[in-house]
Each structure stands twice: as C-alpha cells, then as structure tokens.
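# Structure at a glance
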Amino acid sequence: MPDTTLPNSWDARAKQNSFFGFTDLPSINERGTVILTHGEGPYVVDTEGRRYLDGNSGLWNMIAGFDHPALIKAAQDQYARFPGYHAFFGRMSDQAVMLSEKLVEVSPFADGKVFYTNSGSEANDTMVKMLWFLHAAEGRPNARKIITRGNAYHGVTAVSASMTGKPYNSVFGLPLPGFLRLTCPHYWREGREGESAADFLARLVAELEEMIAREGADTIAGFFAEPVQGAGGVIPPVDGYFDAILPVLRKHGIPVIADEVITGFGRTGSVWGCESYGFLPDAIISSKALTAGFFPMGAVILGPELSDRLQRATDAIEEFPHGFTASGHPVGCAIALASIDLVLNGGLMENVQRLIPRFEAGMAKLADQDHIGEWRGRGLMGALEAVRDKATKKPFEGHLSVSERIANTCTDHGLICRPLGQSIVLCPPFIMTDAQMDEMFDKLSAALAQVFAEVA
Ligand code: PMP
C-alpha cells in the first residue's frame, strides 16, 4: 500500500509529488520552495502570506501583472460563450479568426498568415517544420539546416532545444545534427583583446559568409534570431548587427525568422523588437506577452512571401499535416485580443515608454560600482553582470554562486529577480508605477551590497 499521508508543509508537499524543471536542487533543498497562491498587480503572494514584487514578470510574460480585470473578464466571458475548440478540418473559432486578423494588422508585414501553438517552443518547432516542408515542396529537400547563435534560447522541445545555444542541452544528447551555431553577438564578452566593435561585427559577418560557403546555401533552411537574446542573459546585439548580417542571408535566399517570444508586444519600447532594430524578418515567432501570460499560447506569424510559399506548397499536396489539439484555443485568442488592446490602446505601451528612462537610470546607477562589469538591455529588459574585477572582466569564482546569492537575498527581501550565468536579470511588468520601480531598484541595491560584502 502506498503511504497516502500528505506531508504537512507546502514545501514538503511540492517536493513529494511535483518535479521542478530549471531548478537548482541543492538550493531548494537548503532554502525550500516558494509556493504561490495569488497575485496583486506586479506582486505575487506565497502560502505564508509573503509578498514579492516580481521583477521578472513571471517568466517575461505577465506584462499586465497578476490580476488584471480586463484579461480576467475576457477569459470569463469566453469560457461562458465557447470554452474550447481546435483549428483542424477547416473549422476554427471566431476568436481565432479575429486574432489572426489583428496579429497581421499589428505585425510589421503588409499581409500574412498566422498558425497557433501552445508555447514558444512549439511555435519554433512549427516554423522549422514549415521551412522543411516548403523547401522540399519547392524541390530543395536538402535545405534542412538551421542557423542560430550562441546563447540563443528558442525553447525546450527536441528541435527548439537544438536551436538553443546553451551547453546544458548536451545532457539530452542535443543538438540534433544540422543545427549550426554562430558566435553570440555580445561585444563586451565575445570581442577579442583590442578588437573594436566594428571589427567584431566584421568578424561575425565573415563567420556567417564562411558558414554558408562551407555548408552550402542550398542545405540551409533558415536563420533564427531573438532581436535581444533573453534567457541567454539579456544580450542586445553589437551595434549595426542586423543591418550587416541580413544582406548576407538575403543574398543566399535564406529566410530570416525573428523569435519575438520575449521582445514582442512592447518589451523593447516598440511593438516588435525587429522594429527597435530596424529590420524586417520573413516571419515572427510570438508567445508570452501575446496573452500577457494569462493563457499558454504561441503563434507563428508569416509575412507575405512565406505565406504565399507555404500556401503553394500546401496546395500541391492538399494539406499541411501539422497542428495541436489546442491550437487557436478560443479562450487564449479572446485573452490575446484583450491583451493586445491593453498594450496598444489601454496605456501599457505608453507606460513602457514612460518607464524606460527610469529603468535605464536605475540600471546605470547600480552598474556604477566595483563588482558590476556591465549593464546591458533594451527597453524594459536588462541585466547586470557581476564580476570579480571590473577592469579585466574576470568573473567571480563559480563556487561562490554570486548571482544565485543575489537573487536569493532579493527573494528574502520581497523581490523576485533572476540569476542567469553571472548576471541578474530584470524584466518588469508594463503596469509598474514609478514607486514600484524604485522599490525594485532599492531592494536589488541592498542585496548587491550585502552579497558583494560577503564575497569581496
Ligand atoms: N523563444 C524565446 C526567445 C524564449 O524566451 C522562450 C522562453 N523563455 C521560448 C522561445 C520558449 O517558449 P516556451 O517556454 O513557451 O516554450
């Protein structure tokens, strides 16, 4: 007989029957888990009644905070009207049709088509399958290789994890063959001794040219890039990056896909990250802020050329054999329509633009101390990189787990922020007030002072 007695603390119960991903086990064994019951604006509240200002908007997604009435109402109304449907066999909900129209309207494309998934990972997988499918239909069955960059994060499914430029995926025997990696365009870390930013950029362009020549342009299916790398440590590319590499990709007819799972819907100060960086991709991958985190949903938004090519490829065999049970879920679509309305017409985009100078000033002030090597970011996403030595950029010794200690100290003081490598990442909700932003920086500043005093 299994022992059915439940342990009596939330922490013990969570550990007994729930499996945590992306979680450092020694750390939760020592400190315990945090089990949350609800949210209030940009704060979340745990089972002990402790409140935390969530400086990461959950996982970059809860742009409207944790209790926004317009999103709750959109969900409730839609649950009452039509609580679930798919998008197979020529049937889909009216909400899905309206959301596709809206997404094309707010996209940087003159026209396009939308395909729905449940997550960002699935949207990237879907895009790769679309590219494989249309290249094969156009007589290039060998055009299957996918180019991404070091430190990229595109998801966790077998394909999107293969696109992700993080070494931890080797525990799964990934990447799969045919996933190619360029140098991460982070000048501060990847630039060589004495190399100017312009020389670094020229090296990246040459690397891409060499890769295409070596692999053969006709073996490459597409290039994927986050306008600002998010989970790689909030890395905006070196100045002029997209202007320099896009012509190379265009010259070889390689489709350019912008993974805007984090940057989409206002995070960088424009609706799309590609707008902030002045380039037009062939397709956009969206998720997270698409539903303000109130529903699991992703979308592939194809620009006009890929839409036409995919349509022709599909016409040839009469079907695109792909889709998820909950693709285009009507409740997710209704929430997305409400969320897009909040961003564009409900004041969220204005608040982002209003907050950006305060955010940049707060980051710059924290960066002006010995153990912060660099602050970097764009819009309302930023990272502070902790270093042992500012002049040489020498990192803290790994065993000190400095960024984890900073994040844990923040948690103790009621602020959630995220350690990524040696960096601390902030990605606040768009609804923050000035006072809440000041609270975020005050708490982080106190945590930095405490931890740097301990490890100095
Ligand atoms: N692409 C990017 C740029 C992301 O940041 C993420 C998630 N952090 C994903 C894809 C994967 O999205 P999901 O976790 O919804 O599968």
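Reference entry: report on the structure contained in this document. Remember, predicted model here, so these are calculated numbers, not experimental data.

## A look at the site of the ligand
- Neighbouring residues of the ligand: 15 residues in total, closest Ser119, Gly120, Ser121, Gly155 and Val261.
- Ranked by the residues each element gives to the shell around the ligand, the list is headed by helix α6 (residues 120–137), at 3 residues.
- Broken down by class, the residue content of the shell around the ligand amounts to 5 nonpolar, 8 polar and 2 charged.

## Section: the packing of helix α14 (residues 348–367) against helix α16 (residues 434–455)
- Axis separation between α14 and α16 bottoms out at 11 Å; the angle between their running directions is 10 degrees. Taken as axis vectors, α14 and α16 run roughly parallel relative to one another. Considering only the axes of α14 and α16, their crossing is right-handed. In this structure, α14 contributes Leu355, Arg358, Phe359, Gly362 and Leu366 to the contact, and α16 contributes Asp434, Met437, Phe441, Leu444, Ser445 and Leu448.
- Residue classes in the contact of α14 with α16 are distributed as 7 nonpolar, 2 polar and 2 charged.

## A closer look at the nonpolar core
- Judged by nonpolar contacts, the single largest core of 119 residues is most densely connected at Ala64, Met127, Ala299, Val300, Ile335 and Cys417.
- The leading source of residues in this core is helix α13 (residues 330–345), at 9 residues.
- Each of two domains, domain 1 (34–67 + 347–455) and domain 2 (71–345), supplies a minimum of three residues to this core.
- Among residues more than four places away in sequence, those in contact with methionine 127 are Ile257, Ala283, Ile285 and Val300.

## With respect to the environment of valine 45
- Checked against the element boundaries, valine 45 lands in strand β2 (residues 43–46).
- A C-alpha to C-alpha distance of 9.5 Å links valine 45 and valine 34, two positions 11 residues apart in sequence.
- In this structure, valine 45 is in contact with Leu36, Thr37, His38, Gly39, Glu40 and Arg51, ignoring residues within four places of it in sequence.

## Let's talk about the sheet that holds strand β8 (residues 256–259)
- Strand order across the open sheet formed by 7 strands is β4-β10-β9-β8-β7-β5-β6, with mixed pairing between neighbours. Pairing within the sheet leaves two strands with one partner each, and these edge strands are β4 (113–117) and β6 (179–182). Across this sheet, the average inter-strand angle for adjacent strands is 20 degrees, counted without regard to direction.
- Of the strand pairs in this sheet, strand β7 (residues 220–225) and β8 are connected by 3 bridges, and their pairing is parallel. If you follow phenylalanine 223 over to β8, its bridge partner there is valine 256.
- Docked against the sheet, helix α5 (residues 94–106) engages β4 and β10 (298–302), running at close to 125 degrees with respect to β4.

## Considerations on the sheet that holds strand β15 (residues 423–426)
- The strand order across the open sheet formed by 4 strands is β11-β12-β15-β14, and the pairing between neighbours is antiparallel. The open sheet has two free edges, formed respectively by β11 (372–378) and β14 (418–420), since each of these has just one partner strand. Strand-to-strand twist of the sheet, defined as the mean angle between neighbouring strand axes without regard to direction, takes the value 25 degrees.
- Bridge count for strand β12 (residues 381–386) against β15 is 4 bridges, and the pairing is antiparallel. If you follow alanine 383 over to β15, its bridge partner there is valine 425.

Reading the values: the criteria
Residues numbered from 1 in each chain as written. Predicted model: local features only at pLDDT ≥ 70, side-chain atom pairs only at ≥ 80, totals over all residues. Near = placed C-beta within 6 Å. Helix = DSSP H or I, 4+ residues; strand = E, 2+ residues; numbered from the N terminus. Nonpolar A, V, L, I, M, F, W, Y, C, P; charged D, E, K, R; others polar. Axes fitted to C-alpha atoms, helices over the stretch in contact; angles between N-to-C directions. Parallel < 35°, antiparallel > 145°, perpendicular 65-115°, else oblique. Left-handed = near helix turned anticlockwise from the far one by under 90°. Contact = placed C-beta atoms within 7 Å. Core = buried A, V, L, I, M, F, W, Y, C linked by C-beta atoms within 7 Å. Buried ≥ 20, exposed ≤ 12 C-beta atoms within 10 Å, placed from the backbone. Domains from an automatic or database assignment. Pairing = 2+ DSSP bridges.

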